[in-house]
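Residues per chain, in single letters:
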Amino acid sequence: MQPYRKEVAHCGMDTISWLLIISGLIMIFYFAFGFSTAVSTPAVEALGLQSSEVNNIGLLFDRLAGIGSGFGVLFIGVMVELACYIRRG
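Keep in mind that what you see is a predicted model, and the values were worked out from it rather than measured.

Which residues make up the overall build of the protein, and what are the values?
Counting its regular elements, the protein contains 2 helices and 2 strands. If you list the helices and strands of the protein from N to C, you get α-β-β-α. Relative to its full complement of 89 residues, the protein shows a buried share of 17%. Of the contacts made within the protein by residues no fewer than 6 positions apart, 66% connect residues no fewer than 24 positions apart. As presented, the protein carries roughly 7,100 Å² of accessible surface, and 68% of it is formed by carbon and sulfur atoms.

Break down the environment of asparagine 55 for me, with residues and values.
If you trace the backbone, asparagine 55 turns up in strand E2 (residues 53–55). Leaving out residues up to four positions away in the same chain, asparagine 55 has contacts with Thr37, Ala38 and Leu60. Within the local environment of asparagine 55, its side chain forms a polar contact with the side chain of threonine 37, the two groups lying 3.4 Å apart.

An account of the confidence of the model for the protein is requested, with residue identities and associated values reported.
Chain-level statistics for the protein give a pLDDT mean of 86 and a share of 82% at 70 or above. The element-level mean pLDDT for the protein is lowest in E2, coming to 82, with helix H1 (residues 14–34) highest at 95.

Residue-level account of the packing of H1 against helix H2 (residues 57–88), with values.
At their nearest, the axes of H1 and H2 sit 7 Å apart, and the two run at 160° to each other. As the angle between them shows, H1 and H2 are arranged roughly antiparallel. The element H1 and its partner H2 pack so that their crossing is left-handed. By residue class, the composition of the contact of H1 with H2 is 17 nonpolar, 7 polar and 5 charged.

Calculation rules
- Residues numbered from 1 in each chain as written.
- Predicted model: local features only at pLDDT ≥ 70, side-chain atom pairs only at ≥ 80, totals over all residues.
- Heavy atoms only, no water.
- Helix = DSSP H or I, 4+ residues; strand = E, 2+ residues; numbered from the N terminus.
- Buried < 20%, exposed > 50% of the residue type's maximum accessible area, 1.4 Å probe, protein only.
- Contact = heavy atoms within 4.5 Å.
- Areas by Shrake-Rupley, 256 points an atom, 1.4 Å probe, with all protein chains shown as cover.
- Polar contact = N/O pair within 3.5 Å; in protein donor to acceptor, adjacent residues only side chain to side chain.
- pLDDT = per-residue confidence, 0-100.
- Axes fitted to C-alpha atoms, helices over the stretch in contact; angles between N-to-C directions.
- Parallel < 35°, antiparallel > 145°, perpendicular 65-115°, else oblique.
- Left-handed = near helix turned anticlockwise from the far one by under 90°.
- Nonpolar A, V, L, I, M, F, W, Y, C, P; charged D, E, K, R; others polar.

Laid out in structure tokens, this is it:
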């Protein structure tokens, strides 16, 4: 005779919610720490500039949009998991 085990009801969206949470975190970390906004340019010696890389405004906006999208995906994943948790009771 097996001991009584309470079966946990699954919402059906558990896997999707965790995939969204993990995807959102990956997006946030990639755009925050791995996305380069610098572009290389020829050094302008006449002005005394030694750097050959400058920040690109378009890439800065892309980085901001990527971080915002990551937070959006993360938020949706957390809300789906919360709905499943409430449905389980």
